[in-house]
Amino acid sequence: MSEHHHPNYVKIWAILVGLLVVSVLGPMLGIQIVTLITAFGIAVVKAYLVAKNFMHLNIEKRYIVYMLTTCLVFMFLFFAGTAPDVMEAEGSNWEKPSFELYDEAASHTVGHGTAHH
Amino acid sequence: MSSRPIATTRSATEIPTGKLAVWWLLGSEIVIFGGLLASYIMYRLAHDAWHAQAAATNTWIGAFNTLVLLTSSLTAVLAHQAAEEGNGPKAAKLLWATIGGAATFLIVKAFEWTMEIRHGYTITADTFWSFYYTAAGLHAAHVLAGAVVMVFVARSAARNQELHRVELAGIYWHFVDIVWIFLFPLLYIAK
């Protein structure tokens with residue numbers, strides 16, 4: 001157990017509750033950009049406040065931050081690897097009819113352009 | 001020669017082994033929850049029809065449970081502070097308050113799900129609801145697991161024993177809080 005200076009936890013909790021109120025009321029305006037900022041922007045701020053002040057990541061050994069960041073990066077890599085199969089529903093295993101049609105159309109355009117030159 | 005297992009006495013990274021284990025656990029949880037949430041976002045963006053389904057979730061219930069978890073995180077970190085000061089009984093009381101928060105969260109969730117299921121929003125009703133119950137259910141399982149662990153930690157802390165465990169339980173609990181911080185806007189606000 002590490003001895004360290006403790007921040008004012010009640011104050012941080014009050015800020016988190018204030019941010020929660022904003023994240024609920026903001027989207028009620030019905031403006032998309034306001035919803036994105038108040039709902040998801042504030043979620044990132046709240047998560048940062050909890051990780052920094054409650055989990056004490058700011059005074060933890062850097063190794064921990066690097067390890068957690070590596071896990072996060074790998075998660076995004078796995079995500080990027082599978083995203084095309086979901087976002088482009090037709091086809092599977094990296095064989096996408098719509099992509100092939102697009103490529104075919106693109107090659108025709110290039111061929112057409114070359115013929116003129 | 002000490003009779004304690006070597007894993008509890010060594011610290012290869014200058015981090016106590018127990019704490020390091022909790023951080024590694026959370027590293028794996030990042031991939032589990034991160035993958036689930038990323039998949040949800042991907043499907044959500046690809047299917048406009050999900051908006052209509054998402055409109056059926058109750059924002060106020062979600063907000064109340066967010067308040068409960070934020071408050072339980074406060075009591076968990078105050079328990080950690082009390083443990084550092086060597087005040088085991090105070091740490092135990094604060095951990096019981098955190099367990100109370102976990103119980104409140106799960107009770108509210110049980111009522112919420114009962115209401116939704118009665119309205120026909122079951123896990124097989126729609127892909128949105130499949131994600132909803134999977135993500136919130138996996139999170140609720142973590143809340144339950146955290147509460148059970150904290151019961152044992154609080155019991156030993158009350159006798160001023162194994163006070164370092166209070167911090168370890170707290171770190172896990174704050175992560176559970178962070179996951180909900182992201183689940184709340186995704187499932188309850190984005191409509």
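Scroll up for the structure.
In this text, all values refer to a predicted model and were calculated from it rather than measured experimentally. Position labels on residues start from 1 in each chain and follow its written sequence. Written order determines the labels here, with chains lettered from A and ligands numbered from 1. Reporting in this predicted model follows two pLDDT cut-offs: at least 70 for local features of residues, and 80 or more for side-chain atom pairs to be given and counted; totals over whole chains, interfaces and linings ignore these cut-offs and use all residues. To obtain the side-chain values, all non-hydrogen atoms of the structure were used and water was disregarded.

> Explain the interface of chain B and chain A to me, and be specific about the residues and the numbers.
Contacts were defined at the residue level, with two residues in contact if any of their heavy atoms lie within 4.5 Å. Of the residues lining the interface, 49 residues belong to chain B; the matching set on chain A comes to 42 residues. Throughout, buried area stands for the accessible area (probe radius 1.4 Å) lost by two parts on being put together, summed over both. With both sides pooled, the region where chain B packs onto chain A buries about 4100 Å², and carbon together with sulfur makes up 81% of that total. Summed over the three residues of chain B that lose the most area to chain A, namely Trp-23, Met-42 and Glu-84 of chain B, the buried surface amounts to 18% of that side. Counted as salt bridges are all cases of a side-chain nitrogen of Lys or Arg within 4 Å of a carboxyl oxygen of Asp or Glu. Viewed at the interface, chain A and chain B are joined by two salt bridges. Two N or O atoms count as a polar contact when they lie within 3.5 Å, although within protein this holds only if one can serve as hydrogen donor and the other as acceptor, and sequence-adjacent residues are included solely when both atoms are side-chain atoms. One can count six residue pairs in polar contact (both at pLDDT 80 or more) joining chain B with chain A.

> Give a detailed account of helix H2 (residues 32-54) of chain A, specifying residues and quantitative values.
The end-to-end C-alpha distance of H2 of chain A, which contains 23 residues, comes to 31 Å, matching closely the 33 Å that a straight helix rising 1.5 Å per residue would cover. Fitting axes to the seven residues that end at a residue and to the seven that start at it, the angle between those axes gives the bend at that residue. To qualify as a helix, a DSSP run of H or I must reach at least 4 residues; to qualify as a strand, a run of E must reach at least 2; elements of each kind are numbered from the N terminus. At Ile-42 of chain A, H2 of chain A shows its strongest bend, of approximately 25°. For every residue, the accessible area obtained with a 1.4 Å probe (protein chains only) is divided by the maximum for its type, and the residue is called buried under 20%, exposed over 50%, and partly exposed between those limits. When we look at burial in H2 of chain A, the residues that qualify are Thr-35, Thr-38, Ala-39, Ile-42, Ala-43, Lys-46, Ala-47, Leu-49, Val-50, Ala-51, Asn-53 and Phe-54 of chain A. Looking at the buried positions of H2 of chain A, the neighbouring elements they touch are helix H1 (9-25) of chain A together with helix H4 (59-84) and helix H7 (164-189) of chain B. Directly beyond the C-terminal end of H2 of chain A, a positive phi value near 55° is found at His-56 of chain A. Expected helix span is taken as 1.5 Å per residue step, with the number of steps being one fewer than the number of residues.

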